[in-house]
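Here are the chains, one letter per residue:
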Amino acid sequence: MAFLAIPRLKPERWLVINLENVDWRVFMNTLFWNLNYWDSASTLAGEVENPQKSFPKALGFAVLLVMFSYLIPLLAGTGALKLDLAAWNDGYFADVAMAIGGPLLKWWVAVAAALSNAGLFEAEMSSDSFQLLGMGESGMLPQIFARRSKFGTPILGIIFSGTGVVLLSWLRFQEIIEILNFLYCLGMLLEFAAFIWLRIKQPTLLRPYRVPLNTLGVVLISIPPLILIVFVMTLASWKTVIFSLLCSVVGFLVYPCMIYAKERKWIMFAKVPDSQGLPVMDVSASIAIRNEDDSDAADSLLLERTLVNEEEID
């Protein structure tokens, strides 16, 4: 579509702006939703070999791909066709493809959009379900969440994630985006706070991946996204705020109930040693152990890491 649009491009159309007609709540929530959730990849780190090297490269390329996949079709559509703001609605890209390349291109774009949404759904399902799996394995949720199928997939995590999708399906798409963004912003505020707090309180903690900046640098690079997060939250409707706060309150109430049930052994939880404040073993070492052909060398490496951790603890 972009190549076929080149002969018809009129760059002056890209400069037509009417800020008075912009619905900033819809615009910012849609933009934020389309460009967030990068942290979700971390929940799949345990399924990836050597994530401390592959993740930064993959995320770097993914950022560029996402930016260009939005920018190039938008430039093609807005530059090749006469501007009709009212027409730019859900599904309009297929009509743009029809005007530029004919019926075949229209169907191509429609099928690609359907496959893209299926891929997004699978990615989100994987992220959410493996997050529940990890919480079950670490004792934060009942042990039943740690169960896997014969294919290694998280059974209960998939069921809960799918149920959440069904429950949200009665809302309008824009309402879903706004609610998801607000809840995501709450979570991101906690993530940034934990990021900075750990750098200050435990600067020597062994990490699978370390941002190559000192504490001041970490604080400075966190300020712009924090400003954006707070701004997006201020755009939320009262309906979104109330619904999100209710979800948060439910979470605060469920947690002590689970602790109470755990102490009285009403529900089984995975037994995990208390490692609060202890050095974390380097993920690269655990991967090396997992992939090491020589079991003696693997045992030696594990023993060495354990002794180093014990010395630091002492």
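Scroll up a little and you will see the structure.
Keep in mind the model is a prediction, meaning the values are calculated, not measured.

**With respect to the overall build of the chain**
Then, in step 1: For the chain, the count of helices and strands is eleven helices and zero strands.
Then, in step 2: Going residue by residue from the N terminus, the α and β elements of the chain occur as α-α-α-α-α-α-α-α-α-α-α.
Then, in step 3: With 314 residues in all, the chain has 24% of them scored as buried.
Then, in step 4: Counting only carbon and sulfur atoms, one obtains 69% of the accessible surface of the chain, whose full area is about 21,400 Å².

**Structural notes on unusual backbone geometry**
Then, in step 1: Not every positive phi belongs to a glycine, and Y37 is a case in point at roughly 70 degrees.
Then, in step 2: Relative to the helices and strands, Y37 is located in the loop between α2 (24-34) and α3 (51-80).
Then, in step 3: Residue K265 is not a glycine yet carries a positive backbone phi of 60 degrees.
Then, in step 4: Its place among the elements puts K265 in the loop between α9 (238-263) and α10 (283-291).

**Topic: the packing of aromatic side chains**
Then, in step 1: Within this structure, the stated rule accounts for eight aromatic pairs.
Then, in step 2: Look at W88 and Y92: their rings are 4.9 Å apart centre to centre, the planes differ by 65 degrees, and that puts the pair in the edge-to-face class.
Then, in step 3: Assessed through its relative accessible area of 28%, W88 is described here as partly exposed.
Then, in step 4: Each ring, one from Y260 and one from W266, has its centre 5.4 Å from the other, and the planes form 75 degrees; the classification is edge-to-face.
Then, in step 5: On the basis of relative accessible area, Y260 is assigned to the partly exposed category, the value being 39%.
Then, in step 6: Site record: aromatic cluster; members linked through ring pairs are F32, Y37 and Y184.

Definitions and cut-offs
- Residues numbered from 1 in each chain as written.
- Predicted model: local features only at pLDDT ≥ 70, side-chain atom pairs only at ≥ 80, totals over all residues.
- Heavy atoms only, no water.
- Helix = DSSP H or I, 4+ residues; strand = E, 2+ residues; numbered from the N terminus.
- Buried < 20%, exposed > 50% of the residue type's maximum accessible area, 1.4 Å probe, protein only.
- Areas by Shrake-Rupley, 256 points an atom, 1.4 Å probe, with all protein chains shown as cover.
- Phe/Tyr/Trp six-rings, centres within 6.5 Å; stacked < 30°, edge-to-face > 60°.

Note that all results are geometric; they support no functional claim without further evidence.
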